[in-house]
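# Close look at the chain arrangement
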Amino acid sequence: MIDKKFGIIGRPLSHSLSPMLHNYWFKKYGISANYSLIEIELNEIEKIIEKIRNNVLHGINVTVPYKQAVIPFLDLMVGDAKKTLSVNTISLNNEGKVVGNNTDIYGFEQGFLNKLRNQNFEQNVVLVLGAGGVTASVIFALLNKKIEKIFVSNRTVKKAYEIKKKFPSIEILKWENIEAKAKDVDIIINTTSLGLTEGSDFKQEFKTTKPNLVYYDIIYNPVETMMVKKFKKKNILTYNGLEMFIYQGQKSFFLWNKINPEIDIDLKKKIESKLK
Ligand code: ATR
């Protein structure tokens, strides 16, 4: 008998590696629990949250496109969720309240920002591409690091302005101008879905950039997007989103189980074997 049930809600979910991550740790730490994919429609969110309230489900992760849609059904938001209005981890607290948290920020900090050798990047100019589910978490983490100059560009400009409401200091850039802007920024962060396996890709060439540019792609499936490949060829430092994914999962696991699970070599190998 499995004692506890966890899962991830979103749509589509077939490519999610979260079950592999959490089930690996449940086994490693001898916890009788199972983590599964819960692919749902928007109108099923309430029903799923009720399962948390009734202890049928013991914790859920939330992914696109529901990170904001879950908020009205929660009793409270804590930690980084309050600041970003983006929730990716839900559980029941000791007082029986359904609580939403955000571990994407921690994931992005641990999986990217804290890894940069030179930590004096306050003066860096950053170009954030996209204004989707995870972009607010990325911007929040950048602001935490005291980076002042952040340009945000999204194909649908209205969504970029929605993010500016949360973070007034960011500057919005038209999507047509990203290639020109890329020439004089220090860090480019792709938070769009462009480059995903079987998805569409950037049409821009990004031929001219600073030689010390750092390119971060939130995508990890494929492990190397076309953009990562292109920049690598030019000896530009690149990162993919795999570490962010693993670290956000680590913090969710901790919030649910009060164990900080180890990111060991076998786990990394197991995940990488599933990716192209
Ligand atoms: P959501 O927007 O529902 O939160 P997401 O997967 O988190 O979904 O975000 C997708 C991101 O990739 C968005 O920034 C999206 O831009 P739009 O807001 O204009 O849709 C971006 N994106 C997806 N396909 C794109 C394309 N072909 N060109 C440019 N941006 C694209």
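Scroll up a little and you will see the structure.
Right, let's walk through the structure included here. Predicted, not measured: the structure shown is a model, and the values here were computed from it.

## Observations regarding the pairing of strand S6 (residues 98-101)
Burial along S6 is two-sided: the residues Val 98 and Gly 100 and Val 99 and Asn 101 are all buried. The pairing of strand S4 (residues 76-77) with S6 spans 2 bridges and is parallel. The residue bridging Met 77 from the neighbouring strand is Gly 100, located in S6. Two strands pair when backbone bridges link them, and strand S5 (residues 89-92) and S6 are joined in this way by 4 bridges, in the antiparallel orientation. For Ile 90, the partnering residue across the bridge sits in S6 and is Gly 100.

## A closer look at the nonpolar core
Counting residues in each nonpolar core, the largest one holds 32 residues, and the members touching the most others are Phe 108, Phe 112, Leu 142, Val 152, Ile 170, Ile 189 and Tyr 216. Looking at this core, the elements that each hand over two or more residues are helix H4 (104-111), strand S7 (125-129), helix H5 (135-144), strand S8 (149-153), helix H6 (157-166), strand S10 (187-190) and strand S11 (214-217). Considering each element in turn, this core owes the most residues, 6 residues, to H5. If we ignore the near neighbours within four places in the chain, the residues touching Ile 170 are Ile 139, Ile 150, Val 152, Ile 163 and Lys 164. Within the second largest apolar cluster, 20 residues are counted, among which are Phe 6, Tyr 24, Tyr 220 and Leu 242.

## Details of the packing of aromatic side chains
Per the stated rule, a full pass over the model turns up 17 aromatic pairs. Between Tyr 35 and Trp 256, the aromatic rings sit 6.3 Å apart at their centres with planes inclined by 45 degrees, giving tilted as the arrangement. Note that Tyr 35 is positioned in strand S2 (residues 33-39) and Trp 256 in helix H9 (residues 242-257), a separation of 221 residues in sequence. Here the two residues Tyr 35 and Trp 256 agree in accessibility, since each one is buried. Members of the aromatic cluster, connected to one another through ring pairs, are Phe 6, Trp 25, Phe 26, Tyr 29, Tyr 35, Phe 253 and Trp 256. The residue whose ring lies beneath Lys 181 is Phe 151, and the NZ or CZ to ring-centre distance is 4.0 Å. Its guanidinium or amino end placed over the ring of Phe 254, Lys 258 lies 5.9 Å from that ring's centre, counting from NZ or CZ.

## Quick notes on the packing of H4 against H9
Packing of H4 against H9 leaves a shortest axis separation of 7 Å and a crossing angle of 130 degrees. In this view, H4 runs oblique relative to H9, as classed from their interaxial angle. With respect to the hand of their crossing, H4 and H9 are arranged in right-handed fashion. For the pair formed by H4 and H9, the contact residues are Asp 104, Tyr 106, Gly 107, Phe 108, Gln 110 and Gly 111 on the first element and Glu 243, Met 244, Tyr 247, Gln 248, Gln 250 and Lys 251 on the second.

## Details of the site of the ligand
Every one of the 14 residues lining the ligand counts as a neighbour, but Gly 133, Asn 154, Arg 155, Thr 156 and Lys 159 are closest to it. A distance of 2.5 Å separates an oxygen atom of the ligand from a polar atom in the side chain of Thr 156. One of the backbone nitrogen or oxygen atoms of Ser 193 is found 3.1 Å away from an oxygen atom of the ligand. If the ligand stood free it would expose 620 Å²; the protein chains cover 74% of that surface.

Calculation notes
Residues numbered from 1 in each chain as written. Predicted model: local features only at pLDDT ≥ 70, side-chain atom pairs only at ≥ 80, totals over all residues. Heavy atoms only, no water. Buried < 20%, exposed > 50% of the residue type's maximum accessible area, 1.4 Å probe, protein only. Helix = DSSP H or I, 4+ residues; strand = E, 2+ residues; numbered from the N terminus. Pairing = 2+ DSSP bridges. Core = buried A, V, L, I, M, F, W, Y, C linked by side-chain atoms within 4.5 Å. Contact = heavy atoms within 4.5 Å. Phe/Tyr/Trp six-rings, centres within 6.5 Å; stacked < 30°, edge-to-face > 60°. Lys NZ or Arg CZ within 6 Å of the ring centre and 35° of its normal. Axes fitted to C-alpha atoms, helices over the stretch in contact; angles between N-to-C directions. Parallel < 35°, antiparallel > 145°, perpendicular 65-115°, else oblique. Left-handed = near helix turned anticlockwise from the far one by under 90°. Near = heavy atom within 4 Å. Polar contact = N/O pair within 3.5 Å; in protein donor to acceptor, adjacent residues only side chain to side chain. Areas by Shrake-Rupley, 256 points an atom, 1.4 Å probe, with all protein chains shown as cover.

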